[in-house]
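Breakdown of the fold
For reference, the chains in residue letters:
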Amino acid sequence: MSAPLMQATGLTLNFGRIRALDDVGISIWPGEVVAIVGESGSGKSTLLRVLSGQAQADAGQVLYDGQDVGAMTEAGRRRLLRAEWGFVHQNPRDGLRMAVSAGGNIGERLMAQGNCHYGNIRKSAASWLQKVEIEVDRLDDLPRTFSGGMQQRLQIARTLVTEPRLIFMDEPTGGLDVSVQARLLDLIRALVAELGLAVLIVTHDIAAARLLAHRIVVMRHGRVVEEGLTDRVLDDPQHPYTQLLVTSVLAA
Ligand SMILES: Nc1ncnc2c1ncn2[C@@H]1O[C@H](COP(=O)(O)OP(=O)(O)OP(=O)(O)O)[C@@H](O)[C@H]1O
Ligand SMILES: [Mg+2]
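If you check an unreviewed UniProt entry, the protein appears there as Putative phosphonate transport system ATP-binding protein from Humitalea rosea.

Comments concerning the UniProt feature "domain: ABC transporter" (unreviewed entry) in the protein
Following the UniProt record, one finds the feature "domain: ABC transporter" (unreviewed entry) at residues 6-246. When the span residues 6-246 is considered, its composition is 41% helix and 26% strand, and the gap between its end C-alpha atoms is 28 Å.

Some words on the packing of aromatic side chains
Taken as a whole and assessed by the stated rule, the structure comprises 3 aromatic pairs. Aromatic side chains tyrosine 64 and tryptophan 85 sit 5.2 Å apart centroid to centroid with 90° between the ring planes, which places their arrangement in the edge-to-face category. Highlighted residues: tyrosine 64 in strand E4 (residues 59-64) and tryptophan 85 in strand E6 (residues 85-88), separated in sequence by 21 residues. Each of the two residues, tyrosine 64 as well as tryptophan 85, counts as buried.

Looking at the sheet that holds E4
An order of E2-E1-E4-E5 is seen for the 4 strands of this open sheet, with the pairing classed as antiparallel. One side of each edge strand has no neighbouring strand; the edge strands of this open sheet are strand E2 (18-28) and strand E5 (67-68). Note that E4 and E5 share 2 bridges and pair antiparallel. What sits directly across from leucine 63, in E5, is aspartate 68. Against the sheet, helix H1 (residues 44-51) engages strand E1 (6-15), E2 and E4, with an angle of about 120° to E1.

Thoughts on the layout of surface pockets
Each pocket or cavity is described by its volume, and for the largest pocket that value is around 280 Å³. Around the largest pocket, the lining is made up of 13 residues, and of these Leu81, Arg82, Phe87, Arg109 and Arg158 lie nearest the centre. Breaking the lining of the largest pocket down by element, the ones donating at least two residues are helix H2 (74-83), E6, helix H3 (92-95) and helix H6 (148-160).

A closer look at helix H4 (residues 102-112)
Across the 11 residues of H4, 8 count as buried, placing the element largely inside the fold. Among the residues making up H4, those that are buried are Ala102, Gly103, Gly104, Asn105, Ile106, Gly107, Arg109 and Leu110. Of the surrounding elements, those touching the buried residues of H4 are H2, E6, helix H5 (118-131) and H6. Once H4 finishes, glycine 114 follows within two positions and takes phi at roughly 100°, a positive value.

Notes on the site of ligand 1
As a structural note, the neighbourhood of ligand 1 is formed by Phe15, Ile18, Ala20, Glu39, Ser40, Gly41, Ser42, Gly43, Lys44, Ser45 and Thr46. One of the backbone N or O atoms of serine 42 is found 3.2 Å from an oxygen atom in ligand 1. Separating an oxygen atom of ligand 1 from a backbone N or O atom of glycine 43 is a distance of 3.0 Å. The protein chains hide 60% of the 640 Å² of surface that ligand 1 would expose on its own. Counting residues per element, the ones that place at least two in the shell around ligand 1 are E2 and H1. If you tally residues by element for the shell around ligand 1, the top one is H1, at 3 residues. In terms of residue class, the shell around ligand 1 is built from 3 nonpolar, 6 polar and 2 charged.

So, unusual backbone geometry
Even without being glycine, aspartate 65 reaches a positive phi, approximately 50°. Within the fold, aspartate 65 resides in the loop between E4 and E5. Looking at aspartate 65, the relative accessible area reads 42%, which means it is partly exposed.

What counts and how
- Residues numbered from 1 in each chain as written.
- Chains lettered and ligands numbered in written order.
- Predicted model: local features only at pLDDT ≥ 70, side-chain atom pairs only at ≥ 80, totals over all residues.
- Heavy atoms only, no water.
- UniProt positions renumbered as here; feature names shortened; annotations may be inferred.
- Helix = DSSP H or I, 4+ residues; strand = E, 2+ residues; numbered from the N terminus.
- Phe/Tyr/Trp six-rings, centres within 6.5 Å; stacked < 30°, edge-to-face > 60°.
- Buried < 20%, exposed > 50% of the residue type's maximum accessible area, 1.4 Å probe, protein only.
- Pairing = 2+ DSSP bridges.
- Contact = heavy atoms within 4.5 Å.
- Axes fitted to C-alpha atoms, helices over the stretch in contact; angles between N-to-C directions.
- 1 Å grid on protein atoms, 1.4 Å probe; cavity = no way out; pocket = protein on both sides within 12 Å on 5 of 7 lines; lining within 4 Å.
- Points joined across faces, edges and corners; volume = space filled by probe spheres on them.
- Near = heavy atom within 4 Å.
- Polar contact = N/O pair within 3.5 Å; in protein donor to acceptor, adjacent residues only side chain to side chain.
- Areas by Shrake-Rupley, 256 points an atom, 1.4 Å probe, with all protein chains shown as cover.
- Nonpolar A, V, L, I, M, F, W, Y, C, P; charged D, E, K, R; others polar.

The following block contains the structure:
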């Protein structure tokens, strides 16, 4: 068995009296999609921020490819976020540069990696627009002229263009129409399979987790209460909270 791409142990983080993370451990292997599910306030976003080096835990350790993320310099962490990781925010405005054209949003990540051939960058931006099903003639348009679903697809193109090894997604289909959500999920699933990406995706949508994830991690009150292969967790949930989560979806 290969080593995990990322492995965290004992993560604990308090905000005043609130224990947002309580002794959380999580691993992800290359090419694996792991869904983090759980109620609002259970610590899902906080966990993603800590794993991606955007927040520091009070205790615990995050290893990426064997390196201690907490012990890295700021520059080292930024290089990882630029080159090896991608972060897809729930609100595309947090992940896009709204004053820069669609093509510029995609090209910028390539330039940050040292690509400087304008023609190639433009070509690659156009091909990524196609991949995420945005008309290529929108290349020079600003993201604010796009619909919410298009902005989210643009954010995904901007994130994936550099072919990161590990993607963090925080409710990427939140705030979108159900039909738009379904198409976006299909798109994410196809790209993830094509590129063999490792993805940690936060979602409260059990159907999305079933569609995308190999494994599911269930969080409650800052703790991991259950984890396992997707079918096992959803078809035979062991923890009472997971049972509630699964049956409430069936009943809905
Ligand atoms: N910057 C912060 N300052 C203070 N408290 C915070 C901060 N960030 C998160 N919290 C608290 O930590 C807990 C976990 O928050 P978090 O955003 O991780 O939950 P979540 O599972 O992502 O919820 P949601 O599904 O609503 O996005 C909550 O009680 C929240 O109020
Ligand atoms: Mg959240």
